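# Observations on the three-dimensional arrangement
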Amino acid sequence: MSAPDLGADPGPSEARIGEAVAHPNLALVKYWGKRDRSLNLPATGSISISMGAFTTRTWVKFGDERGRDEVIVNGEAADGGTATRINDFLDLVRTEAGLDGKRALVRSDNDFPTAAGLASSSSAFAALGLAACEAAGLNPTTSELSLLSRRGSGSAARSIFGGYVEMRLGNRSDGQDAVAAPLAPSEHWDLRIVIAVTDPRPKRVGSTEGMELTRKTSPYYPAWVETSSDDLRRARDAVKNRDLSALGEVAEHSALKMHACALASQPGLLYWRGGTVEAMHAVREMRSAGHAAWFTVDAGPHVKVLCGPDDVEALEGRLRCIPGVSDVLVSDVGAAARLIDPPSEA
Ligand code: DP6
C-alpha cells in the first residue's frame with residue numbers, strides 16, 4: 001500500500017499521544033460503489049450532513065516496541081477484521097512518519113448506540129486519522145486528512161469537515177483528487193436529523209461487501225453511477241439556496257435509487273425490515289399533512305429523516321408509535337473533526 005502524502009515534517013520520534021473527536025455524517029447523496037478497491041476510490045461523488053449529536057473519541061499512542069497494535073473499541077478488544085483494518089490504516093501513517101513497525105495503542109469510544117446504524121466508520125476513521133497523525137508528529141492539512149481517512153472508509157473522508165460536505169469523485173488514478181471539501185458550515189443552515197431505530201441486530205452485509213456485490217452483479221449499477229452527477233448538482237444547489245424541499249427530494253431519490261440498485265444484486269441485498277418500510281410511509285404521510293420531512297436509509301434498516309427544527313417534535317411522536325421502531329434519536333448539524341488538546345495521558 002502506498003502512503004498518502006501527509007506533507008509535513010515527521011517531527012521527533014519519541015512516543016507521542018494524539019486524541020481527537022469526530023462526528024458521523026449522513027449521506028444525502030449516497031456513495032455506493034468503488035472504482036478502485038486498493039486506494040478505496042469511490043465510483044460516485046457524495047454529499048453529506050454532519051451529525052453533531054453523536055461523537056467518536058479516539059486516543060492513539062505510538063510506542064517504541066514492535067508488535068501488533070492493541071485496539072480497544074467501546075471498551076472491548078477489536079475483533080480480527082476490525083483490528084486488521086485499523087492496523088493497515090495505521091501503516092499508512094507509520095510509513096509517512098518513519099515509524100515503521102512501531103506498535104500503536106488505540107482506544108476509541110462512541111457516545112451513540114452502535115446498533116443505531118449511524119455510519120460509525122465515518123467518524124471512526126476521521127477521528128483515528130487525526131489522532132494518529134498527531135501522535136506520529138505529522139501536521140497534515142484538512143485535505144490531506146480527508147485523503148487519509150478515505151483510505152480507512154470512504155465516508156470518513158467527509159467527517160473531517162463539519163456542516164455540509166461534498167466528497168469529490170476525482171479522476172486521477174492515484175486518487176489524490178478523490179477528497180472531500182466543505183460546501184457550507186453548520187451555521188449556514190439549521191436542520192435536524194431524526195433517526196428511527198428499527199432493528200438492534202448488527203447488519204449482515206457491511207457496506208464494503210455490499211457495494212462490491214452491487215458493482216459486480218446489479219444490472220442497474222451503470223445507471224446508478226451515470227445518474228449521480230445530476231443528484232450532486234441538485235443537492236449542491238439546494239444546500240447553497242437553503243431549499244429544504246429540493247434537498248429532501250434528491251436525498252430520498254438517492255437513497256431509494258441506491259437500494260433499488262442493491263436489491264437488484266445477486267443475491268439481492270435487502271437491508272430493510274418491516275419498521276423501515278412503515279417509517280418511510282409515515283414520513284410521506286407527514287409530508288402530505290404539511291410537515292417538511294424527507295427520509296434516507298443507509299446500508300441498514302434504520303430510517304433517517306431530514307427536517308427543520310420546528311418539525312422534530314411531531315416527527316418524533318409519530319415515529320415512536322410505529323411497531324418495529326425501538327427508539328428515536330435526534331441530531332443537529334455538527335462541526336468538523338478536531339484534536340483534544342491536551343490529550344488524556346493514558
Ligand atoms: C450507505 O464508507 O462505510 O453509508 O469505504 O467501504 O468503508 P467503505 O464504505 P462506507 O460506505 C458508506 C455507504 C453509505 C452511503 C454513504 O455514507 O455515502
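Residues numbered from 1 in each chain as written. Predicted model: local features only at pLDDT ≥ 70, side-chain atom pairs only at ≥ 80, totals over all residues. Heavy atoms only, no water.

## Some details on the nonpolar core
- Counting 40 residues, the largest nonpolar core has Val60, Phe62, Leu90, Val93, Val106, Leu128 and Ala136 as its most contacted members.
- Elements represented by at least two residues in this core include exactly β1 (16–22), β6 (56–66), α1 (80–97), β9 (102–110), α2 (120–135), α3 (142–152), α4 (156–159) and β10 (164–167).
- If you tally residues by element for this core, the top one is α2, at 9 residues.
- Once you skip the residues sitting within four places of it in the chain, Val93 turns out to touch Phe62, Ala132, Cys133, Ala136, Leu138 and Leu148.
- Core analysis: the next-biggest nonpolar cluster, separate from the first, contains 28 residues, Phe54, Val197, Ala235 and Val333 among them. (Core = buried A, V, L, I, M, F, W, Y, C linked by side-chain atoms within 4.5 Å. Buried < 20%, exposed > 50% of the residue type's maximum accessible area, 1.4 Å probe, protein only. Helix = DSSP H or I, 4+ residues; strand = E, 2+ residues; numbered from the N terminus. Contact = heavy atoms within 4.5 Å.)

## Digging into the packing of α2 against α3
- Where α2 contacts α3, the two axes come as close as 9 Å, and the packing angle between them is 125°. Classed by the angle they form, the pair α2 and α3 counts as oblique. Crossing hand, α2 versus α3: right-handed. Where α2 abuts α3, its residues Phe125, Ala126, Gly129, Leu130 and Cys133 lie against Leu145, Leu148, Ser149 and Gly152. (Axes fitted to C-alpha atoms, helices over the stretch in contact; angles between N-to-C directions. Parallel < 35°, antiparallel > 145°, perpendicular 65-115°, else oblique. Left-handed = near helix turned anticlockwise from the far one by under 90°.)

## A closer look at the confidence of the model for the protein chain
- Summing up the model confidence of the protein chain, the mean pLDDT is 94 and the portion of residues at 70 or higher is 94%.
- In the predicted structure, residues 8–13 sits below a pLDDT of 50 and forms 11 contacts with residues beyond four places in sequence or in another chain. (pLDDT = per-residue confidence, 0-100.)

## Describing the site of the ligand
- Near the ligand you find 18 residues, and of these Tyr31, Lys34, Ser153, Gly154 and Thr208 are the closest.
- At a separation of 2.6 Å, an oxygen atom of the ligand approaches a polar side-chain atom of Tyr31.
- Side-chain polar atom of Thr208 to an oxygen atom of the ligand: 2.7 Å apart, as the coordinates give it.
- Burial of the ligand by the protein chains amounts to 96% of its free accessible area of 460 Å².
- Ranked by residues supplied to the shell around the ligand, first place goes to helix α5 (residues 207–217) with 3 residues.
- For the shell around the ligand, a count of residues per class yields 6 nonpolar, 7 polar and 5 charged. (Near = heavy atom within 4 Å. Polar contact = N/O pair within 3.5 Å; in protein donor to acceptor, adjacent residues only side chain to side chain. Areas by Shrake-Rupley, 256 points an atom, 1.4 Å probe, with all protein chains shown as cover. Nonpolar A, V, L, I, M, F, W, Y, C, P; charged D, E, K, R; others polar.)

## Here's the deal with the sheet that holds strand β2 (residues 25–29)
- Sheet architecture is open: 4 strands sit in the order β2-β5-β10-β11, paired in antiparallel fashion. Two strands in the sheet have a free side with no partner beyond their single neighbour: β2 and β11 (180–184). This sheet shows a mean twist of 35° between the axes of neighbouring strands, independent of strand direction.
- Note: β2 against strand β5 (residues 46–50), 4 bridges, orientation antiparallel. Within β5, the position partnered with Val29 by the bridge is Ile47. (Pairing = 2+ DSSP bridges.)

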